[in-house]
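Residue strings, one per chain:
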Amino acid sequence: MTAGSIWRGSKESHCRFQWLTAVGLARRRAKQSHSLMISSLSSGLSPETFDAFICYCASDFQFVHEMIKQLEQTEYNLRLCVFDRDVLPGTCVWTITSELIEKRCKRMVVVISDDYLDSDACDFQTKFALSLCPGARSKRLIPVVYKSMKRPFPSILRFLTICDYTRPCTQSWFWTRLAKALSSP
């Protein structure tokens, strides 16, 4: 089907044209998405980079807030990309998320919980990041378990070592261990 036939066609063809136009705009926006970050707009500089993208679901935000406090506001001084904090509203979720994970974040912390298992967004983010590092050769994904789970651990992440906050014997060095994993080259 050509662009001319779309214009001359029925209402259905007009809807297809609008959809094709939206897809084209999304692709162009992906090239410009660095301006869709809060800090990029305020600084006027090139796209901001991060030490890690944090993959989480809404019910786990309290732990994510603690992660921000422990890793950004301490001597570790890491830069975490937290979607709800750092991305401006009105952008294509999948486009900006994939650019952040692939091009602007060195690692991805996956906050695992029972609710994570039901999240389409977390599923997309995890599978996308895994596709960038088959076999986990680049140590790109870091699974974090911070509370006990009733459901089984995701099989797609079973081959990765876990940073486990639920075990009392490892809590004392949990944040140091996570910070070192995020800081490594």
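Since this is a predicted model, take the numbers as computed values, not measurements.

> I keep staring at the pattern of salt bridges and nothing clicks. Help me out?
Two side chains bearing opposite charge may form a pair once their charged atoms approach each other closely. For the structure shown, the criterion picks out nine salt bridges. Between arginine 79 and glutamate 48 there is a salt bridge, with its nearest N and O atoms 1.8 Å apart. Residue arginine 79 is located in the loop between helix H4 (61-71) and strand S2 (80-81), and its partner glutamate 48 is located in the loop between helix H3 (38-43) and strand S1 (50-55); the two are separated by 31 residues in the primary sequence. In this structure glutamate 48 comes out as buried when scored by relative accessible area, which is 15%. One salt bridge in this structure joins glutamate 99 and arginine 104, with 3.5 Å as the shortest N-O distance. Residue class for glutamate 99 comes out buried when judged on its relative accessible area of 12%. Three or more residues joined by partner-sharing salt bridges are found here, namely Glu72, Arg85 and Asp86.

> For this particular structure, what's the right way to read the side chain of serine 113?
Take serine 113: it is sitting in the loop between strand S3 (105-112) and helix H7 (120-132). A distance of 2.7 Å separates polar atoms of two side chains, one belonging to serine 113 and the other to aspartate 60. Not counting the four nearest positions on each side in its chain, serine 113 is found in contact with Cys57, Asp60, Tyr146, Lys147 and Met149.

Calculation rules
Residue positions are given per chain, counted from 1 along the sequence in the order it is written. Per-residue local features of the predicted model are confined to residues with pLDDT of at least 70, and side-chain atom pairs are confined, for both listing and counting, to 80 or more; whole-chain, interface and lining totals are unaffected and use all residues. As a convention, hydrogens and water are excluded, and side-chain values are obtained from all of the structure's heavy atoms. Salt bridges are defined by distance alone: a side-chain nitrogen of Lys or Arg within 4 Å of a carboxyl oxygen of Asp or Glu. Secondary structure is summarised from DSSP: a helix means a run of H or I of at least four residues, a strand means a run of E of at least two, and numbering begins at the N terminus for each. Throughout this description, buried means an accessible area under 20% of the type-specific maximum (1.4 Å probe, protein chains only), exposed means over 50%, and partly exposed covers the range between. Nitrogen and oxygen atoms within 3.5 Å of one another constitute a polar contact, given that in protein one can donate a hydrogen and the other can accept it, and given that sequence-neighbouring residues count only through two side-chain atoms. Only heavy atoms enter the contact rule, under which two residues are in contact if any of them lie within 4.5 Å.

Nothing here speaks to function; it is geometry throughout.
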